[in-house]
Amino acid sequence: LSEVAIDLTALGSISVLFFLVLVFVIFFFLKQKNAMALQLLFSALGSALLTTILKFTVEIARPPESARFITVEGFSYPSGHSLSAAAIYSTLAVLLCENFGSKTLQIFIRIVFGALIIMIALSRLYLGLRE
């Protein structure tokens, strides 16, 4: 279960989210969906800014290293992984649903992205990175 949690938490990492945002921003621009590209970009930048401001305003320390499965630096709250993943994946879900007419596909997209957001947040708790 620990390896699964590590893999899931990686889906909220800066490198994965950066790559995902970059790919979809380029895709939306190529499809001439400039507003969608900007919405995703602002969602990513906004979540990064909010995380930074909150981390240095609230300054909640991480649990002791002995209680963690992996070692990370910085403050515990808010989880940049969870906050950024929620902002970016939910924005992507909304934008993708706007482009698909099928109600079944829209429901599927919402369930998949919603489950992904929840699993990333739970993985952070499981790994002992947040109490």
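Residues numbered from 1 in each chain as written. Predicted model: local features only at pLDDT ≥ 70, side-chain atom pairs only at ≥ 80, totals over all residues. Heavy atoms only, no water.

Trainee: Would you mind going over the packing of aromatic side chains with me for this structure?
Mentor: For any pair of aromatic rings, geometry is given as the distance between the ring centres together with the angle between the planes. One pass over the structure, following the stated rule, counts four aromatic pairs. With a centroid separation of 6.3 Å and 80 degrees between ring planes, the pair formed by Phe24 and Phe27 is classed as edge-to-face. Of the two residues, Phe24 and Phe27 both sit in helix H2 (residues 14–30), three residues apart, roughly one turn of that helix. When its relative accessible area of 39% is taken as the criterion, Phe27 is described as partly exposed. Pairing Phe27 with Phe28 gives two aromatic rings, centres 5.6 Å apart and planes at 55 degrees, and the pair type is tilted. What links up through ring pairs into an aromatic cluster is the set Phe24, Phe27 and Phe28. (Phe/Tyr/Trp six-rings, centres within 6.5 Å; stacked < 30°, edge-to-face > 60°. Helix = DSSP H or I, 4+ residues; strand = E, 2+ residues; numbered from the N terminus. Buried < 20%, exposed > 50% of the residue type's maximum accessible area, 1.4 Å probe, protein only.)

Trainee: Please explain the confidence of the model for the chain as it appears in this structure.
Mentor: Per-residue confidence for the chain averages 83 on the pLDDT scale, and 81% of its residues sit at or above 70. Across the chain, the secondary-structure element scoring lowest on mean pLDDT is helix H1 (residues 2–10), at 82, and the one scoring highest is H2, at 95. (pLDDT = per-residue confidence, 0-100.)

Trainee: Please explain the side chain of Ser82 as it appears in this structure.
Mentor: Within the secondary structure, Ser82 sits in helix H4 (residues 80–99). The residues contacting Ser82, other than those within four sequence positions of it, are Ile120, Ala121 and Arg124. (Contact = heavy atoms within 4.5 Å.)

Trainee: Which parts of the structure should I look at to understand the environment of Ser84?
Mentor: Topologically, Ser84 is positioned in helix H4. Note: C-alpha distance between Ser84 and Leu17 (67 residues apart in sequence) is 7.9 Å. A distance of 3.5 Å separates a polar atom in the side chain of Ser84 from a polar atom in the side chain of Ser47. (Polar contact = N/O pair within 3.5 Å; in protein donor to acceptor, adjacent residues only side chain to side chain.)

Trainee: Is there a simple way to explain unusual backbone geometry in this structure?
Mentor: With phi around 60 degrees, Gln32 is a residue other than glycine that occupies positive phi space. The residue Gln32 is located in the loop between H2 and helix H3 (34–58) in this model. What makes Gln32 exposed here is its relative accessible area of 69%.

Trainee: Looking at this model, I keep getting lost on the packing of H1 against helix H5 (residues 103–126). Mind explaining?
Mentor: Following both chains from N to C, one finds H1 and H5 inclined at 125 degrees, their axes separated by 8 Å at the closest point. By the angle class used here, H1 and H5 are oblique. When you trace H1 past H5, the crossing you get is left-handed. Of the residues in H5, those touching H1 at Ser2, Ala5, Leu8 and Thr9 are Met119, Ile120, Ser123, Arg124 and Tyr126. For the contact of H1 with H5, a count of residues per class yields five nonpolar, three polar and one charged. (Axes fitted to C-alpha atoms, helices over the stretch in contact; angles between N-to-C directions. Parallel < 35°, antiparallel > 145°, perpendicular 65-115°, else oblique. Left-handed = near helix turned anticlockwise from the far one by under 90°. Nonpolar A, V, L, I, M, F, W, Y, C, P; charged D, E, K, R; others polar.)

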